[in-house]
Each structure stands twice: as C-alpha cells, then as structure tokens.
Amino acid sequence: TRTLMEHFAIYFRRVLSNSFYPVLQGAIGVGSAFEGWTAREEEVVYQVLVPLTPPLGHLFHLERDTDQQKPGRNFRVRVELECRCPREYQGMNMLCFQHHPDVIRRTTQQPNLLDTLCTDSYLDVKKTVHWFCTLVGASWRRLSQSRSWHLVLLPSKRSCNLRLTNSQESFQVKVLFGVRRHASDIFISSRYRGAHTPSTMWPESYAVAETKFFRHMARQAPQDSSHLKCLQLLARVLARKDFPIHSIKTIVMHLLSILPVSQWRRRHFVRRLMDISESLRACVEMRRLNHFIVGNQRLPEEIRLPPDVLRAKPPNLFHGLGQDPAAHSQAMQAYLDL
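Worth saying up front: this structure is predicted, and the values here are computed from it rather than measured.

**Q** Tell me about the pairing of strand β5 (residues 74-81), and name the residues and values.
**A** For a regular strand, side chains alternate in direction, first toward one face of the sheet and then toward the other. As paired elements, strand β4 (residues 58-64) and β5 share 7 bridges and run antiparallel to each other. Bridge pairing in β5 links L59 to E80. Sheet topology places β5 next to strand β12 (residues 202-205); 2 bridges connect them, and they run antiparallel. When the sheet's bridge partners are listed, N74 is paired in β12 with P203.

**Q** I'd like to hear about empty space enclosed by the protein, residue by residue, with values.
**A** Summed over all chains, the structure comprises 2 cavities of 30 Å³ or more. Taken as a whole, the largest cavity spans an internal volume of roughly 60 Å³. Looking at the largest cavity, the residues that line it are M5, F8, A9, F12, L24, Q25, A27, V50 and F132. Among the elements that line the lining of the largest cavity, the one with the most residues is helix α1 (residues 2-15), at 4 residues. In terms of residue class, the lining of the largest cavity is made up of 8 nonpolar, 1 polar and no charged.

**Q** Break down the packing of aromatic side chains for me, with residues and values.
**A** In this structure the tally under the stated criterion is 11 aromatic pairs. Measuring from centroid to centroid gives 5.0 Å for F132 and F177, while their planes differ by 70°, and the two rings are edge-to-face. Taken as a pair, F132 in helix α5 (residues 125-139) and F177 in strand β10 (residues 170-180) lie far apart in primary sequence, 45 residues in all. Classification of F132 as buried rests on a relative accessible area of 3%. For F177, a relative accessible area of 0% puts it in the buried group.

**Q** Provide a residue-level description of the packing of helix α7 (residues 227-238) against helix α9 (residues 269-286), including the pertinent values.
**A** Running from N to C, α7 and α9 cross one another at 60°; their axes reach a closest spacing of 10 Å. For the element pair α7 / α9, the angle class is oblique. Judged by the twist between their axes, the crossing of α7 over α9 is right-handed. Listed contacts from α9 to K229, C230, L233 and L234 of α7 are F269, R272, L273 and I276. Of the residues belonging to the contact of α7 with α9, the class tally is 6 nonpolar, no polar and 2 charged.

**Q** Any chance you could break down the side chain of H216 for me, citing the residues and the numbers?
**A** Take H216: it is sitting in helix α6 (residues 207-220). The residues touching H216, leaving out its near neighbours within four places in the chain, are P300 and E302.

**Q** Explain the domain arrangement of the protein to me, using residue names and the numbers behind them.
**A** Split into domains, the protein comes out as domain 1 (1-206) and domain 2 (221-337). Using only C-alpha atoms to locate each centre, domain 1 and domain 2 end up separated by 30 Å. Of the residues lining the interface, 17 residues belong to domain 1; the matching set on domain 2 comes to 19 residues. For the pair domain 1 and domain 2, the two sides together bury roughly 1,600 Å², of which 57% comes from carbon and sulfur. Along the contact surface separating domain 1 from domain 2 lie 4 salt bridges.

**Q** Lay out the pairing of strand β8 (residues 150-154) with the relevant residues and their values.
**A** Bridging between β8 and strand β9 (residues 160-165) involves 5 bridges; their strand directions are antiparallel. Directly across from V152, in β9, lies its bridge partner R163.

**Q** Tell me about the pattern of salt bridges, and please be specific about residues and values.
**A** Counted by the stated rule, this structure contains 16 salt bridges. One salt bridge in this structure joins E63 and R78, with 2.4 Å as the shortest N-O distance. Placement of E63 in strand β4 and of R78 in strand β5 is noted, with a sequence separation of 15 residues between them. Assessed through its relative accessible area of 24%, R78 is described here as partly exposed. If you follow the salt bridges from partner to partner, you end up with R73, R181, E204 and D308 in one network.

Cut-offs applied
- Residues numbered from 1 in each chain as written.
- Predicted model: local features only at pLDDT ≥ 70, side-chain atom pairs only at ≥ 80, totals over all residues.
- Heavy atoms only, no water.
- Pairing = 2+ DSSP bridges.
- Helix = DSSP H or I, 4+ residues; strand = E, 2+ residues; numbered from the N terminus.
- 1 Å grid on protein atoms, 1.4 Å probe; cavity = no way out; pocket = protein on both sides within 12 Å on 5 of 7 lines; lining within 4 Å.
- Points joined across faces, edges and corners; volume = space filled by probe spheres on them.
- Nonpolar A, V, L, I, M, F, W, Y, C, P; charged D, E, K, R; others polar.
- Phe/Tyr/Trp six-rings, centres within 6.5 Å; stacked < 30°, edge-to-face > 60°.
- Buried < 20%, exposed > 50% of the residue type's maximum accessible area, 1.4 Å probe, protein only.
- Axes fitted to C-alpha atoms, helices over the stretch in contact; angles between N-to-C directions.
- Parallel < 35°, antiparallel > 145°, perpendicular 65-115°, else oblique.
- Left-handed = near helix turned anticlockwise from the far one by under 90°.
- Contact = heavy atoms within 4.5 Å.
- Domains from an automatic or database assignment.
- Buried area = accessible area lost by both parts, 1.4 Å probe.
- Salt bridge = Lys/Arg side-chain N within 4 Å of Asp/Glu carboxyl O.

Dropping the structure here:
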C-alpha cells in the first residue's frame, strides 16, 4: 500500500507541477491495518491519510465550526489568494495572485484553487475526492502495479476507495485527505461524520496520533505482548455486534497507558481481556468514556498536539448514552452479548 501511494504521488507531482491544485504530501498509514490488530476474516482495508498543503499563491486558514449541534470538533478550510506584490517581496518580479488573478489565469492558462475545488471560498471535500479519484483512474495504466493488479474505484463521497485484486488476493485502500494543524499530529480530515455532514466541513482527526501511540507501545512492549491480540480478538467478535470497536480501542489505549508493559505478556492474555471487559462495563454503566487523545497530557513526547487540543477537556465518547435511555439499554445489551 505504501509503495502504491508513493508511485501515485510521484506521478501526480509531475502532472500537477504547473497547476494550482492542492499539493499532495506523502500518505500516512493509519487505523487497525497499520496498527497491527485488524480482523483478517474479511477483505483487509488499508486506510491512509494524504496531507494537503496550499499551492503557490494560495493560503489555507482553518476556521473552527461553532455549531454545537454537530458532534466533535469540526473545521472549515478557507482558501485565500496570497498577496505577492513587489513591495511585499522586495527584489522579486512576481505577479500578485490576490490583486491580479485574471492576469495569472491568462499567463499560466490555469484556474486557481478557488475556481476548482472550493465552494464559497472553502475547500470542498466532495470536489477534492472527485478530483483525486479522477487522477487515479487516468493514471493507473501508467503505474507498474497495473501489470499485476486490477483496480476498481468504489463509490464514496468523502474518501477515495480503491479495491485491488489479482489471481490470489484482494484488498482495499481507503484514501482520506487532511490538513495538518500547527505542525502537530492532529489533522482536520475528510472522514465521514453522519449523513448530513456539509461538504465544506472537515472533522478533526486523531488517527495519526493514535497510530503513533501504538507504534510507541510496540517499541516498549515485550516481544510476546498480547495487547494487539486482545484488540484483534475483540474486533472479530464485534464485527457481528452492534458495538463500536473504537470504544474498545479507546479503553485498550487507556489501559496501555496505566498498566506496565510487563503485564501485557502472553500469559496475562485472559486477565487483560477481563480488564477490558470490566472497564467497558463500568463505562457503559456510568455513561462515560473519555477521549484518549484530546486533553491527554501524559502522551509520549513524540506525539505532538496543538495547544488547544492539549488543554481541552476530554470529550465523553458515551455522551449519547446519557441523553438517550434507549441507546443506553441497547449498549448494555450489546455488552452482555459480548
């Protein structure tokens, strides 16, 4: 998957070098397949996040969405044309994107980003996904992988989903897009958040920080550590249950940060499963499960958080259970089934 995304990136950089589309940075593997605990009973989905940076003459400004009716922390990406007037860039003979956009259009014969992937000056998720999927479809035959793999583009509005098959195996690649916050490991991303998510809304994503946490634990844990086996087993069970696996993952991350790594050896497997189960029961009963990343000041130093994320009060992932008695009863039944 990494090699495939690298080959796409090399080709895209070449064909987009003289355009004003977003600059595609190196893809970052996130989620269970890259963390080592995916349930392998079905087709594996490798999820990657492709960071976007503004092209020449453009600026990205992240605006926090203040609508309290929408869950989580959400942003919009306002796109501005950059002023490059000679008085601002002494000694440089440049056209100004902000004050002379029509001259630049005629000179370069290229539209600016506001003309292509934006809605009302904001970067549009659906337009960005459509643009990237079109690039993938047009370039596939030029990549070496096309000689041994068959590519199908799967329908999706907020990610570019690829299925690759050959005579022996099949897997999926889910490509999400994001803008990095303050040189940190937190991005605003194109990930799906409900059927009525506006196309200019970019929810805050903690997937890169979570994957870095698992990578950190892999370096610290003993070779026979069972923490990934616990998650893998529970993911297989929950694939048939109405219970979010991210809740279990959050509980495991909390326990990993509390219990010494020496207590996760293979011989402790059943005990740790019991700990996870007991923690889940307590969280469902109390209707409270704190987010692991937001407001966590005990993360490894290598995981970088923006100041506002570091200082924020951890959101309650089970907030909905306190607002909806029927949802709470359903969660208790799902726990009993588990």
